[in-house]
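# Architecture at a glance
So the chains spell out like this:
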Amino acid sequence: MLRLGQAMFRWSSIILFACAACSTTSSSAAGQDMAKKTTATPTRDAGLAAWQQIYSVLTHPRCINCHTATNYPQQGDDRHRHLFNIIRGPGGKGVAGLNCVTCHQGSNAESTGVPGAHNWQLAPLSMRWQDLDDKILSSVEVCRSLTDRSKNDNLGGAGLLKHHDQEPLVLWAFQPGHHRDGTARTLPPLTHEEFVAATRTWVEAGTPCPQNP
Amino acid sequence: MEAFKLTVNGQAKEVTVDPGTPLLWVLREDLKMTGTKYGCGIAACGACTVHVAGIATRSCVVPVSLVGDRPIVTIEGIGQDSVGRAVQDAWVSEDVVQCGYCQSGQIMGAVALLKSLPRPTDAHIEEAMGGNLCRCGTYVRIRQAIKTASQQLK
């Protein structure tokens, strides 16, 4: 009886140890996965703070110059109307004979000062972040626009995160090249890594939008 | 300096230039194809317009290093297809040209427009050609010639 008890105790210990080992392994795998995410679901306040960081990037000239409400893009840190009679065109890519890619190639042209990235074009009018007087929309308005799936090409949180992380025209904003005179174009207030991290926090918090303008 | 293989008007060409050299100067100085003109150097006037992979392109601001294997068509070769020929014929029949300096770019722009929009309205013409400047003011005849070419292509 004592031997049976000892044997049972031994097997129980082995089983318990095996379960503990499995649990630890699973936690490590999940932990590695979670390492990409915040350690806990961000609060709404944390999400709103992250949104304000995102907003500061979206409204920087490197981004907002192509998110216009008008028939034209903008240029420069002063966001003046794009020179040379450049207009939006029906698909946001200019018009036949005067497309965006007539000048803007697949990467920055450092010798001539023309910025470039794959598929250079305007954002659709549904993603305008300015009004018709070129005035930047409020944080509330931009947030609501960005999270409206009827306007944002049906992107949910994961889609928005991927867009901020991988879209070539978004990436360009953080490596915008130099002007013809060799001076560097100004950068958004966050690095791309910080921008993606803020987006991740905002998405994990449920993409909250501020209540007041 | 770097070697670049280009396809210009259907012919293979090879040049050795600084990678930042604008395509305009490769065409004019290295390949001695002077039909494409320098007007401003900042893509403002359209005199340097060529076609790269069928898209009207301002060659004064595109470094040769960014062309890749995309085929280039210049004013010297635009008559090789029916739209190019129709535009050239219309330019002659409507007596468009005065000094002629901008007209290479005007023709290249007009061909790109008609290939995309065979029946352009006045508004389409104004939008598409609005970036091609003419100091002689031949705009009225340019517009008419585009309409004439469009009719010929029906």
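Residues numbered from 1 in each chain as written. Chains lettered and ligands numbered in written order. Predicted model: local features only at pLDDT ≥ 70, side-chain atom pairs only at ≥ 80, totals over all residues. Heavy atoms only, no water.

## Topic: the pattern of salt bridges
Residue and element names in this part refer to chain B.
- Counted according to the given criterion, the structure contains 4 salt bridges over all chains.
- Taking the shortest distance from any N to any O, the salt bridge between Asp95 and Arg141 comes out at 3.8 Å. Note that Asp95 is positioned in the loop between helix H2 (82-93) and helix H3 (103-116) and Arg141 in helix H5 (residues 139-152), a separation of 46 residues in sequence.
- Take Arg141: its relative accessible area is 44%, and that puts it in the partly exposed class. (Salt bridge = Lys/Arg side-chain N within 4 Å of Asp/Glu carboxyl O. Helix = DSSP H or I, 4+ residues; strand = E, 2+ residues; numbered from the N terminus. Buried < 20%, exposed > 50% of the residue type's maximum accessible area, 1.4 Å probe, protein only.)

## Some thoughts on the state of the cysteines
All names here are of chain A.
- Applying the stated criterion to the full structure yields 1 disulfide over all chains.
- Linked covalently through their sulfurs, Cys143 and Cys209 form a disulfide whose S-S length is 2.0 Å. The disulfide joining Cys143 to Cys209 has a torsion of about -85° about its S-S bond and is therefore left-handed. Linking Cys143 in helix H4 (residues 139-147) with Cys209 in the segment after helix H7 (192-204), this pair joins segments that are 66 residues apart in sequence.
- Given a relative accessible area of 0%, Cys143 falls into the buried group. (Disulfide = S-S within 2.5 Å.)

## A short note on the pairing of strand E1 (residues 2-8) of chain B
Residue and element names in this part refer to chain B.
- Bridging between E1 and strand E2 (residues 11-17) involves 7 bridges; their strand directions are antiparallel. For Lys5, the partnering residue across the bridge sits in E2 and is Glu14.
- Here E1 folds back onto E2, and the loop between the two strands holds 2 residues, one of which, Asn9, carries a positive phi near 50°. (Pairing = 2+ DSSP bridges.)

## Examining H5(B)
Residues and elements named next belong to chain B.
- Under the 1.5 Å per step criterion, the end-to-end length of H5 is 20 Å for 14 residues, consistent within 8% with the ideal 20 Å.
- Listed as buried for H5 are Ile142, Ala145, Ile146, Thr148, Ala149 and Ser150.
- Close packing links the buried residues of H5 with H2, H3 and helix H4 (122-129). (Expected span 1.5 Å × (residues − 1). Contact = heavy atoms within 4.5 Å.)

## Side note on the nonpolar core
- Counting residues in hydrophobic clusters, the biggest one holds 29 residues, and the most contacted among them are A:Trp51, A:Leu58, A:Leu146, A:Phe195 and A:Trp202.
- Looking at this core, the elements that each hand over two or more residues are helix H2 (44-58), helix H3 (61-64), H4, helix H6 (168-173) and H7 of chain A.
- No other element matches H2(A), which puts 6 residues into this core.
- Leave out the neighbours within four places in its chain, and A:Leu146 touches A:Trp51, A:Leu58, A:Met127, A:Trp129, A:Asn152, A:Leu160, A:His164 and A:Trp202.
- B:Ile75, B:Met108, B:Ala145 and B:Ile146 belong to the second largest nonpolar core, which has 26 residues in total. (Core = buried A, V, L, I, M, F, W, Y, C linked by side-chain atoms within 4.5 Å.)

## As for the interface of chain A and chain B
- Chain A puts 19 residues into the contact, and the matching count from chain B is 24 residues.
- Counting the surface chain A buries against chain B, the share from its top three residues, A:Phe84, A:Ala96 and A:Gln105, is 30%.
- Summed over the shared surface of chain A and chain B, the result is 0 salt bridges.
- Inspection of the chain A/chain B interface yields 7 residue pairs in polar contact (both at pLDDT 80 or more).
- For the side of chain A that touches chain B, the secondary structure elements donating two or more residues are strand E4 (98-99) and strand E5 (107-109) of chain A. (Buried area = accessible area lost by both parts, 1.4 Å probe. Polar contact = N/O pair within 3.5 Å; in protein donor to acceptor, adjacent residues only side chain to side chain.)

## Description of the packing of aromatic side chains
Residue and element names in this part refer to chain A.
- Tallied over the entire structure, the rule returns 5 aromatic pairs over all chains.
- Consider the rings of Trp51 and Trp202, whose centres lie 5.0 Å apart with planes at 35°: the pair is tilted. Of this pair, Trp51 sits in helix H2 while Trp202 sits in helix H7, placing them 151 residues apart in sequence.
- By relative accessible area, which is 0% here, Trp51 ends up buried.
- The class of Trp202 is buried, set by a relative accessible area of 0%.
- Put simply, the rings of Trp51, Tyr55 and Trp202 pair up and form one aromatic cluster. (Phe/Tyr/Trp six-rings, centres within 6.5 Å; stacked < 30°, edge-to-face > 60°.)

As far as function goes, none of this settles anything; it's purely spatial.
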